[in-house]
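Working through the structure, step by step
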Amino acid sequence: MPATKVEGSKKEHRVFLYTLSTCVWCKKTKELLRESDVEYEYLDVDTCGSEERRSAIGALKSRNAQIGFPIIIVDDKTLITGYKPDEIREALGL
Amino acid sequence: MSVTVDRVRQRAEADARAHGIYLNPDQKFLGDLIEGLRRNEERYGYPSCPCRPATGVFDQDRDIICPCDYRDPDVAEYGQCYCCLYVDKKTHDSGEIKPIPERRSQEKMFTVEAEAQQPAAEAKGSQPAARRLWYCRQCGYVVFREEPPYVCPVCRAKKELFAEVRLAVEQGTT
């Protein structure tokens, strides 16, 4: 199962989330983006299938990312680990 | 028998009571956590942390089976565990729940299912051999694992207070 796209009217930034389907902070992050009407894509790492999971972990490793969920990547450069509403809003100019 | 949210909730309540701590006071947040634990128990066979990636391989995930190895030190330091299921009285009364730093090693977080299964596939029975007996020098609690727990579940002594149990057979007693 590849990443899921959630439509929104704000498309200025490319927003990608690595999440867990059971994680409450991930859920809150998705809610924040939806409420802000930001378009984003997410990959639930626990339900996506082992191929996607392996490549997701490989991608995060190559970025030297701290693993912790959610992981938010804005425009392929800003990486935020964990639910940090202020940082997310700042990165997206909200 | 399928796992029910009621059972998961009762188990968490009982554990919180036994340890003098509380469950997340935000009922919606708590409900989501309980449901996450139920789903994990259903799919993995054990209730691993809803907020951490499990491999589905028991030996790899043992430290994140709720209540996880990191709960007690996190509740002591931050007033709540990583997933925010368990909180101390102060956090319970104030309702101030927040994300806290991850205490689990990054190495474990990066392990994927396939890697976790590899050692077992390579040589059957090699994993149990790596386990040893450890005892808590403070209270005497003994555990059979690859390494000592993060904190002693009985007296909460730190990992450093554990020592390996070495068994010796006495010769010439006949």
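Now for a description of the structure that goes with this document. Starting from 1, residues in each chain are numbered consecutively following that chain's sequence as written. Lettering for chains starts from A, numbering for ligands starts from 1, and both go in the order in which the items are written. This being a predicted model, a pLDDT of at least 70 is required before a residue's local features are given, and a value of 80 or more before pairs of side-chain atoms are given or counted; all residues contribute to the totals for chains, interfaces and linings. The side-chain quantities take in all heavy atoms of the structure and omit both hydrogens and water.

**A word on the sheet that holds strand S3 (residues 132-136) of chain B**
Residue and element names in this part refer to chain B. Pairing in this open sheet of three strands is antiparallel, and the strands run S4-S3-S5 from one edge to the other. Each having just a single partner strand, strand S4 (142-145) and strand S5 (162-164) make up the two edges of the open sheet. The mean angle between the axes of side-by-side strands here comes to 35°, regardless of whether they run parallel or antiparallel. Paired strands, as defined in this entry, are two strands with at least two bridges between them according to DSSP. By the criteria applied, helices consist of DSSP H or I runs no shorter than four residues and strands consist of E runs no shorter than two, each listed in order from the N terminus. Note that S3 and S5 share three bridges and pair antiparallel. Counted as the bridge partner of Tyr135 is Ala163 from S5. Only the stretch in contact is used when fitting a helix axis, every axis being a line fitted to C-alpha atoms; angles between N-to-C directions are given from 0 to 180 degrees.

**Let's talk about the pattern of salt bridges**
Residues and elements named next belong to chain B. By definition here, a salt bridge exists when the distance from a side-chain nitrogen of Lys or Arg to a carboxyl oxygen of Asp or Glu is within 4 Å. Tallied over the full model, the rule gives 29 salt bridges over all chains. In this structure, Arg103 engages Glu77 in a salt bridge whose closest nitrogen and oxygen atoms are separated by 2.9 Å. Taken together, the residues Arg103 in the loop between helix H5 (89-94) and helix H6 (106-110) and Glu77 in helix H4 (residues 71-78) connect sequence positions 26 residues apart. With a closest N to O distance of 3.5 Å, Arg166 and Glu164 form a salt bridge. Throughout, exposure labels follow a simple rule: accessible area from a 1.4 Å probe, protein chains only, divided by the maximum for the residue type, with under 20% read as buried, over 50% as exposed, and the rest as partly exposed. Here Glu164 falls in the partly exposed class, since its relative accessible area comes to 23%.

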